[in-house]
Amino acid sequence: MKATDFDERFDAGEDISAEVDWAKARRLNVEAKRVTVDFPSWGIDELDRQAQKLGVTRQALIRMWIAERLAG
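Residues numbered from 1 in each chain as written. Predicted model: local features only at pLDDT ≥ 70, side-chain atom pairs only at ≥ 80, totals over all residues. Heavy atoms only, no water.

Turning to its location among the elements, Leu61 is positioned in helix H3 (residues 58-71). You can call Leu61 buried: its relative accessible area is 0%. For the pair Leu61 and Asp48, spaced 13 residues apart in sequence, the C-alpha separation works out to 8.8 Å. Residues within four places of Leu61 in sequence aside, it is in contact with Leu47, Gln50, Ala51, Leu54 and Val56. (Helix = DSSP H or I, 4+ residues; strand = E, 2+ residues; numbered from the N terminus. Buried < 20%, exposed > 50% of the residue type's maximum accessible area, 1.4 Å probe, protein only. Contact = heavy atoms within 4.5 Å.)

Our focus in this paragraph is a negative patch on the surface. On the surface, Asp5, Asp7, Glu8 and Asp11 cluster together to form a negatively charged patch. Residue class for Asp7 comes out partly exposed when judged on its relative accessible area of 42%. (Patch = residues over 30% accessible without salt bridge, like charges linked within 9 Å, V, L, I, M, F, W, Y side chains within 5 Å. Areas by Shrake-Rupley, 256 points an atom, 1.4 Å probe, with all protein chains shown as cover. Salt bridge = Lys/Arg side-chain N within 4 Å of Asp/Glu carboxyl O. Lys, Arg positive; Asp, Glu negative; His and termini not counted. Charge placed at Lys NZ, Arg CZ, Asp CG, Glu CD.)

The next thing to look at is helix H2 (residues 41-54). Given a rise of 1.5 Å per residue, 14 residues ought to cover 20 Å, and the 20 Å separating the end C-alpha atoms of H2 matches this to within 8%. Buried within H2 are the following residues: Gly43, Leu47 and Ala51. For H2, the angular spread of buried residues about the axis comes to 70 degrees, placing them on one side. Residues Ser41, Trp42, Gln52 and Lys53 are exposed on H2 and point more than 90 degrees away from its buried face. Buried positions along H2 lie against H3. Backbone geometry just after H2 places Gly55 at a positive phi near 75 degrees. (Expected span 1.5 Å × (residues − 1). Arc of directions from axis to C-beta.)

Tallied over the entire structure, the rule returns four salt bridges. In this structure, Arg9 and Glu19 form a salt bridge, with 3.6 Å as the shortest nitrogen-oxygen distance. Pair noted here: Arg9 is in helix H1 (residues 3-11) and Glu19 is in the loop between H1 and H2, with a separation of ten residues, a long-range link. With a relative accessible area of 24%, Arg9 lands in the partly exposed category. In this structure, Glu46 engages Arg49 in a salt bridge whose closest nitrogen and oxygen atoms are separated by 3.0 Å. With Glu46 and Arg49 both in helix H2 and three residues apart, this pair spans about one turn of that helix. The partly exposed category is assigned to Glu46, whose relative accessible area is 32%. If you follow the salt bridges from partner to partner, you end up with Arg9, Glu14 and Glu19 in one network.

This is the structure:
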């Protein structure tokens, strides 16, 4: 199947799952890279308060905030 046909079927809402080789499927640019950042203790305390308020971990909060900021 040509890519254009695949795209048209997908855009039309058809089930194209049979056309996909899921064993070879991958997501681009999602590999994790470790970054170390030092924060003052008051900043960590505030991050923890905000994270608890939202019911997420500190790391999840930082990821959300950075993603929002980068999205503009």
